[in-house]
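Coordinate inspection notes
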Amino acid sequence: MKNLKVGIIGFGTVGTGVYKVLQNFNNIEIVKIAVKNINKKRDIENFNYNLLTDNAEEIVNNPNIDVVIEVAGGVNPALDLLKIAIKNKKHIVTANKELLAKHGSELFSLAKENKILILYEAAVAGGIPIIMPIKTILCANKITKIAAILNGTTNYILTKMGEKDLSYDVALKQAQELGYAETDPTGDVEGFDAAYKIAILATISFNKKVDINKIYREGITKITAQDIKSAKELGYRIKLIAMGQVLSDGKIDVRVHPMLVAKKHLLAKINNATNSIMLSGYPVGDLVLTGAGAGAEPTASSVVGDLLVIASELESSNNPLPQAICNHSQIANQINIGDTFNEYYIAINASNNPGVIGVIGTICGKNNINISTIMQKGINEDNTAEIVVITEVSKESDIQNALKEMLHSDCIKKIDNLLRVMN
Ligand SMILES: NC(=O)c1ccc[n+]([C@@H]2O[C@H](COP(=O)([O-])OP(=O)(O)OC[C@H]3O[C@@H](n4cnc5c(N)ncnc54)[C@H](OP(=O)(O)O)[C@@H]3O)[C@@H](O)[C@H]2O)c1
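Residues numbered from 1 in each chain as written. Predicted model: local features only at pLDDT ≥ 70, side-chain atom pairs only at ≥ 80, totals over all residues. Heavy atoms only, no water.

Description of the overall build of the protein
Let me state the cut-off plainly: Secondary structure elements are defined from DSSP: runs of H or I of at least 4 residues count as helices, runs of E of at least 2 residues count as strands, and each element is numbered from the N terminus. In this setup the radius of gyration rests on C-alpha atoms only. A globule is expected at 2.2 Å times the number of residues raised to 0.38. Partly exposed describes any residue whose relative accessible area lies between the buried limit of under 20% and the exposed limit of over 50%, with all areas from a 1.4 Å probe on protein chains only and scaled to the type maximum. The Shrake-Rupley method, run with a 1.4 Å probe sphere, supplies the accessible areas, and residue values consider only the shown protein chains as cover. Under the counting rule used here, the positive set is Lys and Arg, the negative set is Asp and Glu, and His together with the chain ends is not counted. Where a charge lies is defined by one atom per residue type: Lys uses NZ, Arg uses CZ, Asp uses CG and Glu uses CD.
The secondary structure content of the protein amounts to 13 helices and 17 strands. Computed over C-alpha atoms, the radius of gyration of the protein comes to 24 Å, within 12% of the 22 Å expected from 2.2 N^0.38 for 423 residues, which places it in the range of a compact globule. Projected onto its principal axes, the C-alpha coordinates of the protein cover approximately 80 × 45 × 35 Å. Scored against the burial criterion, the 423 residues of the protein give a buried share of 53%. Accessible surface for the protein amounts to roughly 18,800 Å². Of this, 48% is attributable to carbon and sulfur atoms. Placing the 44 positive and 44 negative side-chain charges of the protein at their respective mean positions leaves the two points 3 Å apart.

Next comes the structure, spelled out in structure tokens:
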């Protein structure tokens, strides 16, 4: 295989993982590594600090570098650096989901113009091979549906809430202490990270550019210990689900939100920080891929895998596999959350008066909603009752109208939560 000279931008969790794995490959030379703080001590035995620079332009403008590995994260300065690298005809391997979800089109067009590759297996579900399989061995398929757990932090928090009856705040704190959640967990717990990943995955699966700004996104911060408990009693687990589907009229439904997942469903069994992707396509049928969605070593597996693909592509023809090039001329026609159809879980706080269940039933009926289960969860000290409703498949806009109407009735005090259900 061709000797490859690489520059690495970023030397944190993923960058050091990649560095360590690359020590096993004699034909790959690390020429330079860019970091933010050049004086930081690096936890690597016999590390040659001369490799470090705090000026990433030394990598993207270096004529001796064939491939730039970008594992710094964020949009700035990664976007500008990669544009320079591409114009300088360097192939790119990146783990940066945020950059690709927000600026993928621009980068892939520039890459096509310059006949270079951008590979990004690590950007979605860390160590799980999903991008390259969709673009290569699955390319005969029409993929119509994806449902996935793509964020380890939120899955860890929800798992612990379920196992130990913890509140969200306590489970988050424990996740932070154990290194599963960052000090500022917003990107994970509000669903941004999963939204970036499903934007990338839906784009390549459905062959149409999915706009990150049109993805409905809801995180897990409003999930209560009571929701988890009620879900369990009803035979469900709560998971943050990233999903995408092609509807019968060709429109695309892509979203990220917590769901009650029936406990017999494969995704309900995915616990702790593990990721899992279910994909349905013709002719392959249903596939499930499960594994580590993050961590230095699993992520390095994907980054180094991409790097070796580039090395072998360059050696074989200097013309990369067409499938490896990412180019989506069609724009996805994405639907709004109001136009989606789901089963719903509604947690209601109401006065403990006779007739309350009747009021809820009447409002649901008026809004085309069939109730499949309704149960009262007990009476609070203030003489209000906790009521849980599970609906049959209903339109989201009908549900929202019903909730508004419920809040106008005298006996319904509060809608504690509204979650979608997956059976
Ligand atoms: N962590 C995972 O398991 C995982 C999994 C899949 C994908 N990813 C993605 O991989 C990327 C890196 O994640 P990470 O967890 O490795 O991050 P990290 O541990 O925070 O490391 C970031 C690295 O980038 C360097 N850096 C920051 N700004 C820079 C700049 N302007 N120029 C040069 N270097 C700069 C930092 O330098 P200093 O060391 O000097 O601070 C640090 O070495 C992100 O896009 C992330 O979403 C991560």
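Having put the structure on the table, let's press on.
Thoughts on the site of the ligand
Let me state the cut-off plainly: One heavy atom suffices: a residue is near a molecule or strand as soon as one of its heavy atoms comes within 4 Å of it. Any N or O atom pair separated by 3.5 Å or less is treated as a polar contact, with the protein-specific requirement of one donor-capable and one acceptor-capable atom, and with residues adjacent in sequence counted only for side-chain atom pairs. Charged residues are taken to be Asp, Glu, Lys and Arg, nonpolar residues to be Ala, Val, Leu, Ile, Met, Phe, Trp, Tyr, Cys and Pro, and polar residues to be all remaining types, Gly included.
Close contacts around the ligand come from 23 residues, with F11, N37, K40, R42 and G295 the closest. Here an oxygen atom of the ligand sits 2.8 Å away from a polar atom, N or O, in the main chain of V14. With respect to the ligand, the backbone of K36 contributes an N or O atom lying 3.0 Å from an oxygen atom. Protein chains bury 76% of the 900 Å² of accessible surface belonging to the ligand in isolation. Counted by class, the shell around the ligand contains 11 nonpolar, 8 polar and 4 charged residues.

Describing the packing of aromatic side chains
So the rule is basically this: The pairing test for Phe, Tyr and Trp rings, Trp by its six-membered ring, is centres within 6.5 Å, and the orientation test on the planes gives stacked under 30 degrees, edge-to-face over 60, and tilted for anything in between. A ring is scored as having a charge over it whenever the NZ atom of a lysine or the CZ atom of an arginine sits within 6 Å of its centre and within 35 degrees of its normal.
Under the defined criterion, the tally for this structure stands at 6 aromatic pairs. Feature note: the residues F11, Y19, F47 and Y49 constitute an aromatic cluster, connected by ring pairs. Taking NZ or CZ as reference, R217 lies 3.7 Å from the ring centre of F192, over its face.

Digging into the domain arrangement of the protein
For the record, the criterion: For the purposes of this description, domain bounds are those given by an automatic or database domain assignment. By definition, residues are in contact when any of their heavy atoms lie within 4.5 Å. Accessible area, probed at 1.4 Å, shrinks when two parts are joined; the buried area is that loss added up over both. Put simply, a salt bridge is a Lys or Arg side-chain nitrogen that is within 4 Å of an Asp or Glu carboxyl oxygen.
Assigned domains of the protein: these are domain 1 (4–124 + 295–321), domain 2 (131–292) and domain 3 (341–422). Just the C-alpha atoms count here: the centres of domain 2 and domain 3 sit 26 Å apart. Domain 2 puts 22 residues into the contact, and the matching count from domain 3 is 15 residues. Of the roughly 1,500 Å² buried where domain 2 meets domain 3, counting both sides, 59% is carbon and sulfur surface. At the junction of domain 2 with domain 3, the criterion picks out 2 salt bridges. At the level of elements, α10 (225–233), β9 (236–246) and β10 (252–262) are the ones that each hand at least two residues to the side of domain 2 that touches domain 3. It is β10 that contributes the most residues to the side of domain 2 that touches domain 3, 7 residues altogether. Residue composition of the side of domain 2 that touches domain 3, grouped by class: 13 nonpolar, 4 polar and 5 charged.

What about the nonpolar core?
The nonpolar side chains of a soluble globular protein tend to be buried, and buried together. This is how the line gets drawn: Residues belong to one nonpolar core when they are buried, are Ala, Val, Leu, Ile, Met, Phe, Trp, Tyr or Cys, and are joined through side-chain atoms within 4.5 Å.
Core analysis: the largest hydrophobic core is formed by 83 residues, its most contacted members being V68, I118, Y120, L150, I157, L201 and L260. Within the second largest apolar cluster, 32 residues are counted, among which are I30, V67, V93 and V304.

Notes on the pattern of salt bridges
Summed over all chains, the structure comprises 15 salt bridges. One salt bridge connects R420 with E218, and the closest N-O pair in it is separated by 3.3 Å. Pair noted here: R420 is in strand β17 (residues 412–422) and E218 is in the loop between β8 (216–217) and α10, with a separation of 202 residues, a long-range link. The same class applies to R420 as to E218, namely buried.

Quick word on the packing of helix α3 (residues 78–87) against helix α4 (residues 97–113)
The criterion, for reference: To obtain an axis, a line is fitted to C-alpha atoms, over the contacting stretch when the element is a helix, and the angle between two such axes runs from 0 to 180 degrees between their N-to-C directions. Every angle not falling under 35 degrees, over 145, or within 65 to 115 is termed oblique; those three ranges are roughly parallel, roughly antiparallel and roughly perpendicular. Handedness of each helix crossing follows the sense of rotation of the near helix against the far helix: counterclockwise by less than a right angle gives left-handed, clockwise gives right-handed.
At a closest axis distance of 10 Å, the pairing of α3 and α4 adopts a crossing angle of 15°. In terms of axis orientation, α3 runs roughly parallel to α4. Considering how the two elements wind past one another, α3 and α4 form a crossing that is right-handed. Within the contact between the two elements, α3 uses A78, L79, L82, K83, I86 and K87 and α4 uses L99, H103, E106, L107, L110 and A111. Its residues assigned to classes, the contact of α3 with α4 shows 8 nonpolar, 1 polar and 3 charged.

Overview of the sheet that holds strand β1 (residues 4–9)
Paired through backbone hydrogen bonds, the strands of a sheet run either parallel or antiparallel to each other. The following threshold applies: Only when DSSP finds a minimum of two bridges between them are two strands counted as paired.
Taking strand neighbours across the sheet as the criterion, the 6 strands line up as β3-β2-β1-β4-β5-β6 in an open arrangement whose pairing is parallel. At either margin of the open sheet sits one strand with a lone partner, and together these are β3 (52–53) and β6 (118–119). By the bridge criterion, 2 bridges tie strand β2 (residues 28–34) to β3 in an arrangement that is parallel. Each bridged residue has a counterpart across the sheet, and for I33 the counterpart in β3 is L52.

Considering the pairing of strand β4 (residues 67–70)
Going by this rule: Looking down the strands as they point away from you, a crossover is right-handed if its path from the first strand over the helix to the second goes clockwise.
Of the two faces of β4, the one carrying V67 and I69 and the one carrying V68 and E70 are both buried. Direction of pairing for β1 relative to β4: parallel, over a ladder of 4 bridges. Across the sheet, residue I8 finds its bridge partner in β4, namely I69. A crossover connection joins β4 to the parallel strand β5 (residues 91–94) through α3; in handedness this β-α-β unit is right-handed.

Regarding the pairing of β10
With 11 of its 11 residues buried, β10 lies for the most part within the structure. In this structure, β8 lies alongside β10, joined through 2 bridges in parallel fashion. Bridging across to β10, Y216 finds its partner in R255. Relative to β10, β9 runs antiparallel, the two sharing 11 bridges. Across the sheet, the residue bridging to I238 is L260, located in β10.

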